Amino acid sequence: MITTPRSRIYRGTLRHRRFLPRQHSFDYRVWMALLDLDELPALFDGVPGFSSRRPALARFRREDYLPARGQQLSLAEAAREEVRERLGAAPEGRVTLLTQLSSPWVSFNPISLYYLYHPADETGEERLGAVLGEVTNTPWRERTRYASAVDGSRHTHRAAFDKDLHVSPFLPMGMTYQWRFNSPGEALFMHMETWRDEQRHFDATLTLEGQPATRGALMSTLARQPWMATKTLAAIHWEALKLWLKGVPLHDHPPPAEGATPQPRESQS
């Protein structure tokens, strides 16, 4: 276990709101880990219930994230490579990952966010340079990524993308995402909206408060909500049942696009 980790543990609320064709909303308490990838696997060593090496109640598994592409890339370098492909260049400093750790039975991450920093300057200050979102749909287990450069001198950022992956059976393709997010600190937020024909159909807001991922903070968080991934998966399916009962139409799952590499339509800090 690292004595003074830069990784953080965040607790807060995830809210979903649907506006069209029927109104529907819900929220629930969540916790997520913001992992400094340079601190793995040692971060969880000696912390009951956590591991980066073996099965545990809360486990980080490299195979749940970006592919190593046959080169055995570290996850940090795989994130930089993804950003280079989409933006032409990538920050070369540390990389942090906001994610929901897997449980012994469930690995469920609708979205994981990678925050890529520029190396620290002569004053020791480092600035956020890019954000990469890795989206996984359920139950198809397909993935796509969205990347945005940001101005690290600002605290809040915006980006927009064309949707290129069928995620919810209750939302069609042919939509755009609008993101608003901050540079992680004591507070972290992520707000995403889906739009079509100048109408907002859906939004999701993640609002979190964090603290360093010390042994005590990790154990306390796990004791409060030991089955986070299972709870999230159950909540998604329960709310889907409610939408179906409300008569929200279903959209067929299209075949996956070959070689899809989504690019930001705009990026604004």
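Residues numbered from 1 in each chain as written. Predicted model: local features only at pLDDT ≥ 70, side-chain atom pairs only at ≥ 80, totals over all residues. Heavy atoms only, no water.

1. Considerations on the overall build of the protein chain
Each helix and strand counted, the protein chain has three helices and 13 strands in total. Relative to its length of 269 residues, the protein chain is compact, with a C-alpha radius of gyration of 18 Å against a globular reference of 18 Å. Reported as C-alpha extents along the three principal axes, the dimensions of the protein chain are approximately 50 × 40 × 35 Å. Out of the 269 residues in the protein chain, the part that is buried amounts to 48%. Contacts in the protein chain between residues far apart in sequence, at least 24 positions, make up 59% of those at least 6 positions apart. Counting every atom, the protein chain has about 12,900 Å² of accessible surface; 52% of that belongs to carbon and sulfur. Of the side-chain charges in the protein chain, 34 are positive and 31 negative, and the distance between the mean point of each set is 7 Å. (Helix = DSSP H or I, 4+ residues; strand = E, 2+ residues; numbered from the N terminus. Rg over C-alpha atoms; globule rule 2.2 N^0.38 Å. Buried < 20%, exposed > 50% of the residue type's maximum accessible area, 1.4 Å probe, protein only. Contact = heavy atoms within 4.5 Å. Areas by Shrake-Rupley, 256 points an atom, 1.4 Å probe, with all protein chains shown as cover. Lys, Arg positive; Asp, Glu negative; His and termini not counted. Charge placed at Lys NZ, Arg CZ, Asp CG, Glu CD.)

2. Concerning the nonpolar core
The biggest cluster of nonpolar side chains holds 66 residues, and the ones touching the most others in it are L98 and Y114. For this core, the element with the most residues is strand β2 (residues 24-36), which contributes eight residues. (Core = buried A, V, L, I, M, F, W, Y, C linked by side-chain atoms within 4.5 Å.)

3. With respect to the pattern of salt bridges
Throughout the structure, instances matching the rule amount to 19 salt bridges. Among the ionic pairs, R84 bridges to E81, the shortest N-O distance being 3.0 Å. Placement of the pair is R84 and E81 together in helix α1 (residues 75-87), with a separation of three residues, close to one helical turn. Taking the relative accessible area as the measure of exposure, R84 reaches 25% and is therefore partly exposed. With its nearest N and O atoms 3.5 Å apart, the salt bridge here joins R200 to E193. A relative accessible area of 14% means that E193 is categorised as buried. If you follow the salt bridges from partner to partner, you end up with E77, R80, E81, R84 and E92 in one network. (Salt bridge = Lys/Arg side-chain N within 4 Å of Asp/Glu carboxyl O.)

4. Looking at helix α3 (residues 228-245)
Here α3 contains 18 residues, and its C-alpha end-to-end distance of 26 Å stays within 8% of the 26 Å for a straight helix at 1.5 Å per residue. Where α3 is concerned, the buried positions are M228, A229, T232, A235, E239 and L243. The buried residues of α3 occupy an angular sector of 125° when the element is viewed end-on, so they sit on one face. In α3, the exposed positions that point more than 90 degrees away from the buried face belong to W244 and L245. Check the buried side of α3 and you find it contacts β1 (8-18) and β2. (Expected span 1.5 Å × (residues − 1). Arc of directions from axis to C-beta.)

5. Things to note about a nonpolar patch on the surface
Where nonpolar side chains cluster on the molecular surface, the patch consists of W238, L241, W244, L245 and L250 and spans about 590 Å² of accessible area. Among the structural elements, L241 can be located in helix α3. (Patch = residues over 30% accessible without salt bridge, like charges linked within 9 Å, V, L, I, M, F, W, Y side chains within 5 Å.)

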